[in-house]
Amino acid sequence: MDGDASGVEGDNCDWNTEDELEIDNFSLSSSSSLTPPNEEVVAGSGEASSSAGSSNSKLFDKFIGMGFSDKMVAKAIQETGEENMDSILNTLLTYSALESSPQEQQHIDSDHCSLECDGNFLDDFSDIDRSDNEEITNPVFDEENKLLSLVNMGYTRDEASIAIERCGLNSSLAELTDFISAAQMSKVADAHLPLEVKPRPNHSFNEHKKRKQLDYEMWKRKKQVGLNRRLLHDDDETIRLPNPMIGFGVPNESESTIHRTLPEAAIGPPYFYYENVALAPKGVWTTISRFLYDVEPEFVDSKYFCAAARKRGYVHNLPIQNRFPLLPLPPHTIHEALPLTRKWWPSWDERIKLNCLQTCIGSARLTDRIRKALEDYDDEPPLRIKKYVLDECRKWNLVWVGRNKVAPLEPDEVEMLLGFPRNHTRGGGISRTDRYKSLGNSFQVDTVAYHLSVLKDMFPGGINMLSLFSGIGGAEVALHRLGIPLKNVVSVEISEVNRNIVRSWWEQTNQKGNLVDLADVQQLNGDRLEQLMATFGGFDLVVGGSPCNNLAGSNRHHRDGLEGKESALFYDYFRILDLVKCIMTKNQ
């Protein structure tokens, strides 16, 4: 690990989060299968420790209130330190499972997460996925174990029982917590339904002068209207995720021709393209769709485009006929993408695809423990060792690099899997930590390019694009690889690291157009937009993927949906898009 990976900046807010907190927490109660035998019980991503003294009395009381014993809480805080609540909770759940289990005690790794990882690392396991051709080797919890895990997470026994009954015994903990949280939200709605709900925002274009004077607080009131609608209509209008997750079609998949009719208000100019995590809390995509002119979302898993899963929803008004993929086609399996791993890959590891690429990686300490767990066996290891190793390999996307040796993906390998050019995030003072974080939050370029490919014939002379929450320029790279000239790009991104990456790519690829980079979407008002659009002649495409920090399926501490501090920035995407439409209509 690099020496500069010893911590994270004080401001831990991921403004450009793409994968952070999607449907996190890789089954916290499964520690018996995730950890090697004969190890001491230690949990957490860091190595700092502190005693449970007066300075953490509130934290101590919080876990006591969740039903854990004084002794158990004190031990957990002493083991993990008080900085990371997820690590403490993980440790407490492990202790509870061990106390109630008659089986041989198996314990959790003390350093699963690299110091290259954000403090809240358990929130990063989003698209844990398995190939249809792959044997499921994770243990399936029986009802009592799942019930115990949910109770230890703070839910009542009745809530846990109903969730298991409704969702089925084979449901994951993330699905069960989703169900319970949705039920809790429904109760809140019953108690707080407004007497009168304002009508849906009027998108007519003849009110430009009036809208131009509205500030951000006015758009916050629209946000509350969206929440009220969601509470009223969730039960019968929730958008369902498709299975398989192939949207309106993916390359090389047999499919019937799909036709869709866009609502009149959604028809461009400009074209727009909005992305966020597919596995959001109940009602989120319904709200997003309503604000974005009632356009039906397209849900796609990038495992149909590359060798790694990435479940995303896209709302756009682009044509869906005559799409084409980027060439050359990217590798579609682990061994195609990483051929040197084939020599060391054991037959009992039947993974074909990687899980969702994260913002953090497994630590050297973890990979060393896996090596030690395997080196005592000349032939195939016993089932419990295989389960432990495979669980960790899936969880951290570890690959085989030698006999009994696994390692995390290197940044350049992540770049390749996501469709970026080699060394896209390297150099210029960018740390290894920032590279993983920026890549983990990005678009999968091949997937996005497939959707944007219809623009090539429409804009042969080049395109003007407004890129909101640009990240490391996934949309810009996709258009460039499609051969669509970038005439003028206004890129809005809060992270200076990411802005530097996009600027460096722009210069290294000898772009002939103009790049304007701005820092904050909330500062992009009507006057600034009119100035930019007068200079460039309007925008042909408005792209964005707002933060998903508050959309996590198991993020119980800040799971506020689109009303959360970071994820509420979706309303800025809508605000800016609507202003662009108004200005362009006025200027026609």
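What you see is a predicted model; the values in this text were computed from it and never measured. (Residues numbered from 1 in each chain as written. Predicted model: local features only at pLDDT ≥ 70, side-chain atom pairs only at ≥ 80, totals over all residues. Heavy atoms only, no water.)

(A) Region of the structure containing the overall build of the chain. Counting its regular elements, the chain contains 21 helices and nine strands. Taking contacts inside the chain between residues at least 6 apart in sequence as the whole, the part at least 24 apart equals 78%. As displayed, the chain has an accessible area near 25000 Å², and 47% of this comes from carbon and sulfur atoms. (Helix = DSSP H or I, 4+ residues; strand = E, 2+ residues; numbered from the N terminus. Contact = heavy atoms within 4.5 Å. Areas by Shrake-Rupley, 256 points an atom, 1.4 Å probe, with all protein chains shown as cover.)

(B) Geometry of the sheet that holds strand β6 (residues 463–468). Strand order in the open sheet formed by seven strands is β2-β3-β1-β9-β6-β7-β8, and the pairing between neighbours is mixed. Strand pairing shows two members of the sheet lacking a second neighbour, β2 (298–301) and β8 (514–518), which therefore form its edges. Neighbouring strand axes in the sheet, compared pairwise and without regard to direction, differ in orientation by 20° on average. Here five bridges tie strand β1 (residues 271–277) to strand β3 (residues 311–316), and the two strands are oriented antiparallel to one another. Within the sheet, the bridge partner assigned to Y273 lies in β3 and is H316. (Pairing = 2+ DSSP bridges. Axes fitted to C-alpha atoms, helices over the stretch in contact; angles between N-to-C directions.)

(C) Representation of the pairing of β3 in the model. In terms of residue burial, β3 counts as a mostly covered element, since six of its six residues are buried. Residues of β3 alternate between two faces, with K311, G313 and V315 on one and R312, Y314 and H316 on the opposite face, all of them buried. Two strands pair when backbone bridges link them, and β2 and β3 are joined in this way by four bridges, in the antiparallel orientation. Each bridged residue has a counterpart across the sheet, and for V300 the counterpart in β3 is R312. (Buried < 20%, exposed > 50% of the residue type's maximum accessible area, 1.4 Å probe, protein only.)

(D) Representation of the packing of aromatic side chains in the model. Under the definition given, this model contains 13 aromatic pairs. Between Y274 and F570 the ring centres are 5.3 Å apart and the planes differ by 65°, which places this aromatic pair in the edge-to-face class. With Y274 in strand β1 and F570 in helix α21 (residues 570–587), this residue pair connects regions lying 296 residues apart in the sequence. Ring centres 6.3 Å apart and planes at 55° place the aromatic pair Y293 and F574 in the tilted group. (Phe/Tyr/Trp six-rings, centres within 6.5 Å; stacked < 30°, edge-to-face > 60°.)

(E) Broad picture of unusual backbone geometry. Residue P244 follows N243 across a cis peptide bond; omega there is 5°. Each neighbour pair has its own omega, and for G268 with P269 the value is 10°, a cis peptide bond. Positive phi outside glycine occurs at N404, with the angle close to 60°. With respect to the helices and strands, N404 occurs in the loop between β4 (399–402) and β5 (405–407). For N404, a relative accessible area of 17% corresponds to the buried category. Within the chain, N510 stands out as a residue other than glycine whose phi angle is a positive 55°. Owing to a relative accessible area of 54%, N510 belongs among the exposed residues under this scheme.

(F) Structural view of the packing of helix α12 (residues 364–374) against helix α13 (residues 383–396). Direction vectors running N to C along α12 and α13 enclose 155°, while the axes themselves pass 10 Å from each other. Here α12 is positioned roughly antiparallel relative to α13, judged by the angle of their axes. Regarding α12 and α13, the two cross each other, and that crossing is left-handed. Residues L366, R369, I370, A373 and L374 of α12 form the contact with α13, whose participating residues are I385, Y388, V389, E392 and W396. Class assignment for the residues of the contact of α12 with α13 results in eight nonpolar, no polar and two charged. (Parallel < 35°, antiparallel > 145°, perpendicular 65-115°, else oblique. Left-handed = near helix turned anticlockwise from the far one by under 90°. Nonpolar A, V, L, I, M, F, W, Y, C, P; charged D, E, K, R; others polar.)

(G) Representation of helix α10 (residues 284–291). α10 sits mainly inside the fold: eight of its eight residues count as buried. Along α10, the positions that sit buried rather than exposed are V284, W285, T286, T287, I288, S289, R290 and F291. Positive phi shows up at Y293, right after α10, with a value of about 65°.

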